[in-house]
Amino acid sequence: MNEPSVILKAGRDKPVRQQHPWIFSGAIERLPTEAVDGTIVDVRSAGGEWLARGYLNRKSQIQVRLLSWQADEAIDNTFWQTRLQRAITARQRFVASAETNAYRLVNGESDYLPGLIVDHYADYLVMQVGTLGIEQRKQALAELLLALTGCKGIIERSELALRRQEGLTATTGLLAGVAPTGPIAIRELGLHYQVDLEQGQKSGFYTDQRENRRRVAAYCQGGRVLNAFSYTAAFAVHALAAGAQHVTNIDSSVDALTVGEEHLRRNGFDPDRQAEQIAGDVFTILRDWRNEKVEPFDMIILDPPKFAQSRDNLDRALRGYKEINRLALGLIKPGGILATFSCSGLVSADLFQKVVFGAAVDAHRPVQVLEWLRQGSDHPIAITFPEGEYLKGLICRVL
Ligand code: SAH
């Protein structure tokens, strides 16, 4: 089969041969005049050798996203079905269980489906469309996903900043099947939560932290825990289930805290007696507590939003990470635990550890790293696509 050809500049073929899925405009010598944006193109070296196949978008910095490196593989319905099934099989075998029915089903580039993110919540799916190539095929993909999973409905929540760079606007709504009538109940490692697929932040629940919640909770027996950037209190529920005495949740979103209270109740905990919900800015509150010399905690969990949005604000982001870690270290009892995360892809695990090191030096606290944490296995990273790595965390003992 032959698709319209994109010709690379001389010497720019190595990443394509190594199966990196992105081709930036700077690597391209010539685009096919006949192909409209979104269609399938063949990518060839400067010498004309066939290298890969993907979809085109001239409006994007990333002009081609690659789907296949096999010359005889057509990008047809069978292709999409096989790729989706491959992603689904991994989750069904390694993640889904009687205890867990919320997980990422398709993880974009790292599932060799660039631009497509799908989350599975009980009987429903949520799709995020990041590129024009997927946008043009989303209806067929949604129907395939319903057929392959047996789910009741699939909702689109494409609010990614990324879409602007693809010439797309935000889109939400039902794609196929039926919409849930309200928030739906989900299970994570045997604990109970609800997700509002149409209103929740991101796609409603951070499944990338599933295993980390269990790892962190293992250290909180009998302790007073501070869960900063709590969102809907998932770390708090895990901590109380693992025997924490009390959890203080802090988040700037009152709505998230309200859902968090409901999550505590759902799991049999008393949100007034066993927990406290504080609406406000973590930086300000921790500074106030330091000045007021409040009683230190046995454990502090820091799971902030992505501070580093781009290289331009990386320095500022690093100062933010250092500052909250420094403040938290000052509010932990000797022998207590700091569980600290960064979900900024631009901050590598190495760099994050250096930031925590800097915070420990400034806080004058000896810190031991007990565990290194990453995103869960339903958020795999294709080894050809290191950009897929974003979540990292450390469980530290503070002496
Ligand atoms: N730990 C959560 C996910 C946290 S997402 C979980 O396990 O589900 C990040 C959260 O930080 C969001 O809920 C957002 O409302 C909150 N947030 C962002 N900036 C904040 C700030 N400066 N102070 C307090 N909360 C903040």
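Scroll up to find the structure this text is about.
This is a predicted model, so every value here is computed, not measured.

### Points about unusual backbone geometry
Next up, step 1: Even without a glycine there, the phi angle at Tyr-231 is positive, about 50°.
Next up, step 2: Relative to the assigned elements, Tyr-231 resides in the loop between β14 (224-228) and α7 (234-241).
Next up, step 3: Look at Lys-293: it is not a glycine, yet its phi comes out positive at around 55°.
Next up, step 4: When you line up the elements, Lys-293 lands in the loop between α9 (282-292) and β17 (297-302).
Next up, step 5: The exposure class of Lys-293 is exposed, given its relative accessible area of 71%.

### Observations regarding the site of the ligand
Next up, step 1: Contacts to the ligand come from 15 residues, most closely from Arg-213, Asp-251, Asp-281, Val-282 and Asp-303.
Next up, step 2: Within the backbone of Ser-252, a nitrogen or oxygen atom sits 3.0 Å from a nitrogen atom of the ligand.
Next up, step 3: One nitrogen or oxygen atom from the side chain of Asp-281 is found 2.7 Å from a nitrogen atom belonging to the ligand.
Next up, step 4: In the complex, 88% of the free accessible area of the ligand, which totals 590 Å², lies under the protein chains.
Next up, step 5: Classifying every residue of the shell around the ligand by side-chain character gives six nonpolar, five polar and four charged.

### So, α7
Next up, step 1: For α7, the tally of buried residues reaches seven of eight residues, placing the bulk of the element in the interior.
Next up, step 2: Within α7, burial applies to Ala-234, Phe-235, Ala-236, Val-237, His-238, Ala-239 and Leu-240.

### As for the sheet that holds strand β15 (residues 246-251)
Next up, step 1: Here we have seven strands laid out as an open sheet, ordered β16-β15-β14-β17-β18-β20-β19, and mixed in their pairing. Of all the strands in the sheet, the pair left with one neighbour each is β16 (275-279) and β19 (367-374). On average, adjacent strands in this sheet sit at an angle of 15° to one another, irrespective of strand direction.
Next up, step 2: Sheet topology note: the strand β18 (residues 332-342)/strand β20 (residues 392-398) ladder contains seven bridges and is antiparallel. Across the sheet, residue Ser-342 finds its bridge partner in β20, namely Lys-392.
Next up, step 3: Packing of helix α6 (residues 210-217) onto the sheet brings it into contact with β17, β18, β19 and β20, and relative to β19 it is tilted by some 155°.
Next up, step 4: Packing against the sheet, α9 makes contact with β14, β15, β16 and β17, and its axis sits at approximately 130° to β15.

Reading the values: rules and limits
- Residues numbered from 1 in each chain as written.
- Predicted model: local features only at pLDDT ≥ 70, side-chain atom pairs only at ≥ 80, totals over all residues.
- Heavy atoms only, no water.
- Helix = DSSP H or I, 4+ residues; strand = E, 2+ residues; numbered from the N terminus.
- Buried < 20%, exposed > 50% of the residue type's maximum accessible area, 1.4 Å probe, protein only.
- Near = heavy atom within 4 Å.
- Polar contact = N/O pair within 3.5 Å; in protein donor to acceptor, adjacent residues only side chain to side chain.
- Areas by Shrake-Rupley, 256 points an atom, 1.4 Å probe, with all protein chains shown as cover.
- Nonpolar A, V, L, I, M, F, W, Y, C, P; charged D, E, K, R; others polar.
- Pairing = 2+ DSSP bridges.
- Axes fitted to C-alpha atoms, helices over the stretch in contact; angles between N-to-C directions.
- Contact = heavy atoms within 4.5 Å.

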